[in-house]
Amino acid sequence: MNEEIKTLKEWIAESNNIVFFGGAGVSTESGIPDFRSVDGLYAQKYKYPPETIVSHTFLTQRSEEFYDFYKEKMVAPVLKAKPNKAHIRLAELEKEGKLKAVITQNIDGLHQAAGSKEVLELHGTIMKNYCSVCGKKYSVDDVYNSKGVPKCSCGGMIRPDVVLYEEGLDMEVMEKAVNYIQNADILIIGGTSLVVYPAAGLIQYYRGKKLVLINLSETAQDRYADLVIHEKIGEVLSEV
Ligand code: CNA
């Protein structure tokens, strides 16, 4: 075990007010590509970067292209995925009374599948879907198994309960996240490039002295952290 992981282990042992904030990198060890990896794939088939396709404009004006990409690149990998060591360890830390909340930019539901209870999904979830006309609810399977654009029995388009690019975040969820972060003793940030705002701005609300960043690649916010670990998050968390 290296020095950084040893320090993290000591900090975690001493605290019962830890908050975790994560992104797509938390789920890559479950086989769900982050956007960068998807970017690599999309070039073969898709004309636009994922951020362009997963937008409000695409959903409403180019619904077929949106659902083509969304089902194949975002829903299909999630339906096959299981929680990894990172999700499982975070759920255990909550049960042990040490972790207060998981705040995530992910939309894959894997924290809940691992047993985490207090999960704030800043960008919503692909597990929930609703008709954009009458509001009727649909499951992820209803959407995935539909042909082309999923349609409600009323004829309206079904949409995922996901915050798309150009759409606003749920302010209630955001306020709760700010509150957890402001009062946290340790803030562990993991598996996120910290470039998507306003979520990435949450880091500024932390007032403690134990800011931990666990990410495979460097981020622009590494310099604000008290501890930086450039390793796979599932491996790091299973050691602490
Ligand atoms: P991102 O911009 O794709 O960055 C992911 C970061 O994680 C990168 O910096 C990687 O270096 C790092 N990383 C990858 N694997 C690991 C690992 N095993 N351990 C540690 N670090 C790793 O993703 P962000 O979450 O920062 O960007 C925000 C977007 C991506 C959000 O809106 C998400 O909804 C969206 N997204 C979510 C999922 C999902 O729900 N699983 C998948 C793909 C994209």
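Preceding this paragraph is the structure being described.
Here the structure is a predicted model, which means the values were calculated and not measured. (Residues numbered from 1 in each chain as written. Predicted model: local features only at pLDDT ≥ 70, side-chain atom pairs only at ≥ 80, totals over all residues. Heavy atoms only, no water.)

Observations regarding the sheet that holds strand E8 (residues 210-214)
In spatial order, the strands read E3-E2-E1-E7-E8-E9; together these six strands make up an open sheet with parallel pairing. Edge positions in the sheet fall to strand E3 (119-121) and strand E9 (227-229), since each has one partner strand and no second. Direction aside, neighbouring strands of the sheet carry axes that sit 15 degrees apart on average. (Pairing = 2+ DSSP bridges. Helix = DSSP H or I, 4+ residues; strand = E, 2+ residues; numbered from the N terminus. Axes fitted to C-alpha atoms, helices over the stretch in contact; angles between N-to-C directions.)

A look at the site of the ligand
The environment of the ligand is formed by 26 residues, the closest being Thr 28, Gln 105, Asp 108, Thr 192 and Ser 193. At a separation of 2.9 Å, a nitrogen atom of the ligand approaches a polar backbone atom of Ile 233. Compared with its free state, where it exposes 860 Å², the ligand has 92% of that area covered by protein. Residues that form the shell around the ligand fall into these classes: nine nonpolar, 12 polar and five charged. (Near = heavy atom within 4 Å. Polar contact = N/O pair within 3.5 Å; in protein donor to acceptor, adjacent residues only side chain to side chain. Areas by Shrake-Rupley, 256 points an atom, 1.4 Å probe, with all protein chains shown as cover. Nonpolar A, V, L, I, M, F, W, Y, C, P; charged D, E, K, R; others polar.)

Details of the pattern of salt bridges
Applying the stated criterion across every chain yields a total of seven salt bridges. In this structure, Glu 3 and Lys 6 form a salt bridge, with 3.7 Å as the shortest nitrogen-oxygen distance. A residue pair is termed a helical-turn pair when its members lie 3 or 4 positions apart in one helix, as Glu 3 and Lys 6 do in helix H1 (residues 3-14) at three residues. The exposure class assigned to Glu 3 is exposed, which follows from its relative accessible area of 54%. A salt bridge links Glu 118 to Lys 176; the nearest nitrogen and oxygen atoms lie 3.6 Å apart. On the criterion of sequence distance, the pair formed by Glu 118 in the loop between helix H7 (110-114) and E3 and Lys 176 in helix H9 (residues 171-183) is long-range, its members being 58 residues apart. Relative accessible area serves as the criterion here: at 42%, Lys 176 is assigned to the partly exposed category. Salt bridges here are not isolated pairs; linked through shared partners, they connect Arg 89, Glu 92 and Glu 96. (Salt bridge = Lys/Arg side-chain N within 4 Å of Asp/Glu carboxyl O. Buried < 20%, exposed > 50% of the residue type's maximum accessible area, 1.4 Å probe, protein only.)

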